[in-house]
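Each chain, letter by letter, is given below.
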Amino acid sequence: MDRTPDFLTQAHDERDPSPWLALYLDQSTPLPDNVKAAWLADSSSGSRQYLLPFLRPLARLTIILIQIVKVFVPRNWSHSMLLHRFLAWGLKRFVSPEANWLILRHFHLGSQVLAFIGRNSPAPVGTNPLEPADIDALKDEMFLKHDLNLFNFVIRLNTALRDKGLALCKAEQVDFSMIKEPALRLEDMPQGKLNFLDLQSAIELFTPLYQLMLTDNDFWRAANSLQLDETIGIYTATILAAPEHLILVNNKHPLVPLSTLRAGHRLVIHGLSTEMLHSLLQRMQAAQKAGEAGKVGQGETSLYEQPLA
């Protein structure tokens with residue numbers, strides 16, 4: 001099935017220009033063309049335009065009602081495995097191929113960004129990468145593990161730095177070896193007749209369910225993990241000595257917890273920030289390799305050709 005977005009096949013009309021084509025052609029945000037095309041195709045869908053405005057207020061009202069109900073539910077009441085099975089079922093049957101592809105990519109990219117920071121820290125720390133190969137792999141509590149990974153990484157990294165009396169700083173030789181394109185293909189995503197739901201609508205629908213079937217601690221932590229986008233952005237900018245790139249990250253101050261009502265919208269921002277940060281690292285990786293290739297051309301030995309000590 002051809003997944004080329006309509007805005008890339010229609011002729012440009014100067015009296016009625018496509019905003020989606022303008023955003024696709026714009027180069028101010030670092031995104032690969034295939035990712036940007038998928039993102040904008042999902043954003044310009046009928047589901048996003050006509051369904052989301054009705055779903056969003058209903059989802060937020062449901063969050064409020066569930067919060068009231070959970071006052072009377074045991075504090076540790078949770079059905080995480082059932083939740084993830086239901087999420088995987090819903091994604092496979094109702095969510096658009098573009099949205100599913102972007103969701104699966106997010107786990108891979110997020111894992112690579114954490115590995116990049118952990119490897120380039122003056123006190124290196126390991127990570128627990130999440131690399132689901134397909135939607136069924138999400139049943140293994142992947143969404144919950146993603147949130148836990150982020151907080152645990154921040155704790156491990158800063159504990160290691162404090163124990164050694166160090167601070168995160170510019171890396172002398174930046175290691176980009178973990179940065180790569182995930183082996184995920186858009187054409188492999190479910191493409192049934194009911195796979196029409198856009199990413200934002202799907203997130204708004206699933207957020208109340210996430211709240212209902214997890215403990216208050218797990219849901220609150222998941223919602224506020226989004227504010228760590230700023231933290232991860234600062235870590236990366238420090239390692240690269242490139243603070244100007246922090247403008248790409250904007251998901252509120254990490255020290256000021258926000259209401260969970262806007263968690264769905266902020267989750268979309270979180271996904272886009274991760275895509276842009278990963279794309280930026282890929283560009284810098286390519287520039288580093290080009291610089292090494294240039295040195296080889298001038299008679300110097302490439303890092304990849306040097307014998308091991």
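What this report covers is the structure whose coordinates are included nearby. Since this is a predicted model, take the numbers as computed values, not measurements.

1. Here's the deal with the overall build of the protein
Argument step 1. Summing up its helical and strand segments, the protein has 10 helices and 0 strands in all.
Argument step 2. For the protein, the N- to C-terminal ordering of α and β elements is α-α-α-α-α-α-α-α-α-α.
Argument step 3. Of all 309 residues assigned to the protein, the portion counted as buried reaches 47%.
Argument step 4. Long-range pairs, those at least 24 residues apart, make up 83% of the contacts in the protein between residues at least 6 apart in sequence.
Argument step 5. Element-wise, carbon and sulfur atoms account for 60% of the exposed surface of the protein, whose accessible area totals about 16500 Å².

2. Examining the packing of helix α4 (residues 80–94) against helix α7 (residues 199–213)
Argument step 1. At their nearest, the axes of α4 and α7 sit 9 Å apart, and the two run at 165° to each other. Regarding the angle of α4 to α7, the classification is roughly antiparallel. For α4 against α7, the interelement crossing comes out right-handed. Here S80, L82, L83, F86, L87, G90 and L91 of α4 come into contact with α7, specifically with F206, L209, Y210 and M213.
Argument step 2. Here the contact of α4 with α7 is composed, by residue class, of 9 nonpolar, 2 polar and no charged.

3. Regarding the environment of Q112
Argument step 1. Inspection of the secondary structure assignment puts Q112 in helix α5 (residues 97–120).
Argument step 2. A C-alpha to C-alpha distance of 9.3 Å links Q112 and T127, two positions 15 residues apart in sequence.
Argument step 3. Discounting chain neighbours no more than four positions away, the residues touching Q112 are M178, I179, K180 and H278.

4. Section: the side chain of T207
Argument step 1. With respect to the helices and strands, the residue T207 is situated in helix α7.
Argument step 2. We classify T207 as buried; its relative accessible area is 9%.
Argument step 3. Side-chain polar atoms of T207 contact the backbone oxygen of I203, separated by 2.6 Å.

5. Digging into α7
Argument step 1. Along its 15 residues, α7 runs 21 Å from first to last C-alpha, staying within 8% of the 21 Å computed at 1.5 Å per residue.
Argument step 2. Of all the bends in α7, the greatest, near 25°, is centred on F206, and the proline P208 appears no more than four residues after it.
Argument step 3. In terms of burial, α7 is largely enclosed, as 13 of its 15 residues are buried.
Argument step 4. Where α7 begins, the capping side chain belongs to D198, and its oxygen is found 3.1 Å from the backbone nitrogen of Q200.

6. Let's talk about the environment of I203
Argument step 1. When you line up the elements, I203 lands in helix α7.
Argument step 2. Measuring from C-alpha to C-alpha, the distance between I203 and R266 comes to 10.0 Å, with 63 residues separating the pair along the chain.

7. Notes on the nonpolar core
Argument step 1. Formed by 36 residues in total, the largest nonpolar core has its most connected members in L83, L91, V95, W101, L138 and Y210.
Argument step 2. Those elements that provide at least two residues to this core are α2 (33–43), α4, α5, α6 (142–163), α7, α8 (216–224) and α10 (263–297).
Argument step 3. Looking at this core element by element, the count peaks at 7 residues for α7.
Argument step 4. Residues V113, L114, L157 and F176 belong to the second largest nonpolar core, which totals 27 residues.

8. Looking at the layout of surface pockets
Argument step 1. In this structure, the largest pocket occupies an estimated 360 Å³ of space.
Argument step 2. If you trace the largest pocket, you find 17 residues lining it, with P5, D6, A41, S44 and S45 closest to the centre.
Argument step 3. Those elements giving two or more residues to the lining of the largest pocket turn out to be α1 (19–25) and α2.
Argument step 4. The class makeup of the residues in the lining of the largest pocket is 6 nonpolar, 6 polar and 5 charged.

9. Some words on the packing of α6 against α8
Argument step 1. Following both chains from N to C, one finds α6 and α8 inclined at 65°, their axes separated by 10 Å at the closest point. In terms of their interaxial angle, α6 and α8 are classed as roughly perpendicular. In this structure, α6 crosses over α8, and the sense of that crossing is left-handed. Listed contacts from α8 to L144, D147, L148 and F151 of α6 are D218, R221, A222 and N224.
Argument step 2. Considered class by class, the residues forming the contact of α6 with α8 number 4 nonpolar, 1 polar and 3 charged.

10. Looking at the pattern of salt bridges
Argument step 1. Applying the stated criterion across every chain, the model contains 11 salt bridges.
Argument step 2. The closest approach of N and O atoms between E204 and R56, which form a salt bridge, is 3.0 Å. In this pair, E204 is assigned in helix α7 and R56 in helix α3 (residues 46–69), connecting sequence segments 148 residues apart.
Argument step 3. Between D216 and K70 there is a salt bridge; the shortest N-O distance is 3.8 Å. One end of the pair, D216, is in helix α8; the other, K70, is in the loop between α3 and α4, and 146 residues separate them in sequence.
Argument step 4. Residue class for D216 comes out partly exposed when judged on its relative accessible area of 25%.
Argument step 5. Linked by salt bridges that have partners in common, K92, D136 and K139 make up one network.

Thresholds applied
Residues numbered from 1 in each chain as written. Predicted model: local features only at pLDDT ≥ 70, side-chain atom pairs only at ≥ 80, totals over all residues. Heavy atoms only, no water. Helix = DSSP H or I, 4+ residues; strand = E, 2+ residues; numbered from the N terminus. Buried < 20%, exposed > 50% of the residue type's maximum accessible area, 1.4 Å probe, protein only. Contact = heavy atoms within 4.5 Å. Areas by Shrake-Rupley, 256 points an atom, 1.4 Å probe, with all protein chains shown as cover. Axes fitted to C-alpha atoms, helices over the stretch in contact; angles between N-to-C directions. Parallel < 35°, antiparallel > 145°, perpendicular 65-115°, else oblique. Left-handed = near helix turned anticlockwise from the far one by under 90°. Nonpolar A, V, L, I, M, F, W, Y, C, P; charged D, E, K, R; others polar. Polar contact = N/O pair within 3.5 Å; in protein donor to acceptor, adjacent residues only side chain to side chain. Expected span 1.5 Å × (residues − 1). Bend = angle between axes of the 7 residues up to and from the residue. Core = buried A, V, L, I, M, F, W, Y, C linked by side-chain atoms within 4.5 Å. 1 Å grid on protein atoms, 1.4 Å probe; cavity = no way out; pocket = protein on both sides within 12 Å on 5 of 7 lines; lining within 4 Å. Points joined across faces, edges and corners; volume = space filled by probe spheres on them. Salt bridge = Lys/Arg side-chain N within 4 Å of Asp/Glu carboxyl O.

Treat this as a map of the structure, not an account of what it does.
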